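Working through the structure, step by step
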Amino acid sequence: MKTQYTSLVKLKKDRLDMMERAVQSCHHTIFQIQQKIKTATEELRAIALPQKGDFSLYRQIQLLKQRVLDEISFNKHNLVAAESALIKAMQQLKTANIEYEKFMYLETTEIEKVLKAEKIKDAKELDEIALMGFNKRKNDA
């Protein structure tokens, strides 16, 4: 049954679905960044300092270590940004859910009113038909 709130409920549901996808996307992004940090940390642990060789080899290893540390730092910064985006998306999801529930309640209430009015109308019509039948029997008798 369509009411004046049906189209609004559909819009609110679409927004709610979009917010749910945004939260899922944030979770996925956070997971990916955590995996990158884990991989880079393992890579850093795997780097061994040379025991022999010239200074340039030692310097190359130090630069490699620095690059991996910079990558970890960059990913940690991205992780913080992704977590704040997740918090914002969850707040928007909560707001969208409240709006959706509000309009669902209004639509349900409106449908109940219409059904109640139809029930009363049907009851009146049945009473009228019964009264007409009673009067017909009374007049025929």
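This text gives an overview of the structure that appears in the document.

Rules of the game
- Residues numbered from 1 in each chain as written.
- Predicted model: local features only at pLDDT ≥ 70, side-chain atom pairs only at ≥ 80, totals over all residues.
- Heavy atoms only, no water.
- Core = buried A, V, L, I, M, F, W, Y, C linked by side-chain atoms within 4.5 Å.
- Buried < 20%, exposed > 50% of the residue type's maximum accessible area, 1.4 Å probe, protein only.
- Helix = DSSP H or I, 4+ residues; strand = E, 2+ residues; numbered from the N terminus.
- Contact = heavy atoms within 4.5 Å.
- Patch = residues over 30% accessible without salt bridge, like charges linked within 9 Å, V, L, I, M, F, W, Y side chains within 5 Å.
- Areas by Shrake-Rupley, 256 points an atom, 1.4 Å probe, with all protein chains shown as cover.
- Salt bridge = Lys/Arg side-chain N within 4 Å of Asp/Glu carboxyl O.
- Lys, Arg positive; Asp, Glu negative; His and termini not counted.
- Polar contact = N/O pair within 3.5 Å; in protein donor to acceptor, adjacent residues only side chain to side chain.
- Phe/Tyr/Trp six-rings, centres within 6.5 Å; stacked < 30°, edge-to-face > 60°.
- Lys NZ or Arg CZ within 6 Å of the ring centre and 35° of its normal.

Most often, soluble globular proteins keep nonpolar side chains buried together rather than apart. Ranked by size, the top nonpolar core spans 14 residues in total, and within it Ile-30, Ile-33, Ile-37, Val-68, Ile-72, Leu-79 and Leu-86 carry the most contacts. At the level of elements, helix 1 (6-46) and helix 2 (55-140) are the ones that each hand at least two residues to this core. The element contributing the most residues to this core is helix 2, with 7 residues. Ignoring anything within four residues of it in the chain, the contact list for Leu-86 reads Val-23, Cys-26, His-27 and Ile-30.

Next up on the list: a nonpolar patch on the surface. Among the surface-exposed residues, Leu-49, Phe-55 and Tyr-58 lie close enough to one another that they form a single nonpolar patch of about 310 Å² accessible area. Within the fold, Tyr-58 resides in helix 2. Judged by its relative accessible area of 35%, Tyr-58 falls in the partly exposed class.

Note on placement: Glu-107 falls in helix 2. With no salt bridge to any partner, buried Glu-107 finds its closest opposite charge in Lys-2, at an N-O distance of 8.4 Å. One polar contact links Glu-107 to Thr-6, side chain to side chain, over a distance of 2.8 Å. Not counting residues within four places of it along the chain, the set of residues in contact with Glu-107 comprises Met-1, Thr-3, Tyr-5, Thr-6 and Val-9.

For the rest of this paragraph, the subject is the packing of aromatic side chains. The final tally for this structure, using the stated rule, is 2 aromatic pairs. With a centroid separation of 6.5 Å and 50 degrees between ring planes, the pair formed by Tyr-5 and Phe-103 is classed as tilted. Of this pair, Tyr-5 sits in the segment before helix 1 while Phe-103 is found in helix 2, placing the two residues 98 residues apart along the sequence. Tyr-5 gets classed as buried once you look at its relative accessible area, which sits at 18%. One cation-aromatic arrangement involves Lys-13 over Tyr-100; the distance from NZ or CZ to the ring centre is 5.5 Å.

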